[in-house]
Amino acid sequence: MPSTPHLLGFAELLGRLRHVLTVNGEDTVTSRAKDTLLWPYFDQYGWPHRLHAHVLFGLDCHLPPESLLNLGPAADVYEALDYPLTAKATALARTSEDLADQGWPWGHAVNTAVLHTMDDDEPDDVRIGDAAVTAVLSAVAAHHASEMISPLRGSGLFHRGYPTGLLGHLAAYLRVDTVHACALGDHSALALFSHLGWTLSPRARAVLATAEQADTAGATWTDTVIQARATPRDHLRRDPWDR
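In this text, all values refer to a predicted model and were calculated from it rather than measured experimentally.

Student: What should I look at first to understand the pattern of salt bridges in this one?
Tutor: Under the definition given, this model contains 10 salt bridges. For Lys-88, the salt bridge identified is with Asp-121, shortest N-O distance 2.7 Å. Note that Lys-88 is positioned in helix 4 (residues 87-101) and Asp-121 in the loop between helix 5 (106-115) and strand 1 (127-128), a separation of 33 residues in sequence. Lys-88 gets classed as buried once you look at its relative accessible area, which sits at 4%. Classification of Asp-121 by relative accessible area gives partly exposed; the value is 41%. Here Asp-124 and Arg-127 are joined by a salt bridge, their closest N and O atoms 2.8 Å apart. Three or more residues are tied together by salt bridges with common partners; here these are Glu-12, Arg-16, Asp-124 and Arg-127.

Student: What is the right way to read helix 5 from this model?
Tutor: The periodicity of an α-helix, 3.6 residues per turn, causes residues three or four places apart in sequence to face the same way. Of the positions making up helix 5, those classed as buried are Trp-106, Gly-107, Ala-109, Val-110, Ala-113 and Val-114. Buried residues in helix 5, looked at end-on, bunch into an arc of 165°, giving them a common side. At its buried positions, helix 5 is contacted by helix 1 (10-24), helix 2 (51-58), helix 4 and helix 7 (166-173).

Student: Is there a simple way to think about the environment of Ser-188 in this case?
Tutor: Position of Ser-188 relative to the elements: it lies in the loop between helix 8 (178-184) and helix 9 (189-195). Taking C-alpha positions, Ser-188 is 7.9 Å from Gly-156, a pair spaced 32 residues apart along the chain. Filtering out sequence-adjacent residues up to four positions away, Ser-188 remains in contact with Leu-157 and Glu-212. A distance of 3.2 Å separates a polar atom in the side chain of Ser-188 from the backbone nitrogen of Ala-191.

About the thresholds
Residues numbered from 1 in each chain as written. Predicted model: local features only at pLDDT ≥ 70, side-chain atom pairs only at ≥ 80, totals over all residues. Heavy atoms only, no water. Salt bridge = Lys/Arg side-chain N within 4 Å of Asp/Glu carboxyl O. Helix = DSSP H or I, 4+ residues; strand = E, 2+ residues; numbered from the N terminus. Buried < 20%, exposed > 50% of the residue type's maximum accessible area, 1.4 Å probe, protein only. Arc of directions from axis to C-beta. Contact = heavy atoms within 4.5 Å. Polar contact = N/O pair within 3.5 Å; in protein donor to acceptor, adjacent residues only side chain to side chain.

Any functional reading would require information that these geometric values do not contain.
Below you can see the structure in the form of structure tokens.
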């Protein structure tokens with residue numbers, strides 16, 4: 001756990017949820033023991049059971065099975081473990097948790113929660129690290145044909161409100177203001193995020209730069225993601241919102 005509380009924003013939480021899906025699979029469902037009121041986030045050995053328990057596990061957090069916090073919603077657990085959520089991240093956590101607890105596959109739960117999260121952004125909501133960039137890029141590519149490529153170099157990331165390439169889809173999934181994005185007409189995701197006031201960690205910028213280079217060179221979205229994941233970044237500062 002952090003020595004001081006670390007505020008989790010929308011983009012960071014979404015990136016960490018997407019990383020959980022990359023590792024565990026989109027079709028994973030929560031297994032709930034019957035006839036029990038106490039539904040622990042972690043088992044007696046410390047392994048996560050529930051969707052948001054996997055996020056907490058990645059943050060090096062643990063909750064004893066006998067803790068009364070197991071009766072509370074994920075947002076309360078995050079805060080108790082020194083990871084309070086912004087209002088927008090709270091909405092994302094609440095909806096994704098509710099749907100996952102109802103038996104929805106985790107991928108559908110997260111994607112639906114993203115679409116239903118309408119809260120205004122706070123500064124901490126528009127802050128992303130390498131975990132978010134790589135996980136969302138992977139998700140976008142996985143939902144398209146393996147041979148998919150982006151339009152020719154020079155095309156804007158958005159056209160008439162719709163993303164036009166891999167990096168446009170990345171921005172759209174992170175819920176950027178598409179109207180503003182269209183008006184800006186940026187061809188680079190790095191430029192778009194900067195113009196919209198987002199904060200990218202050095203590691204996130206490195207991953208995104210690699211992705212842009214591969215994408216504009218005509219690589220398939222699958223190959224672009226592979227190259228982005230392999231971006232050397234151990235020499236760069238690790239911010240708290242990086243993985």
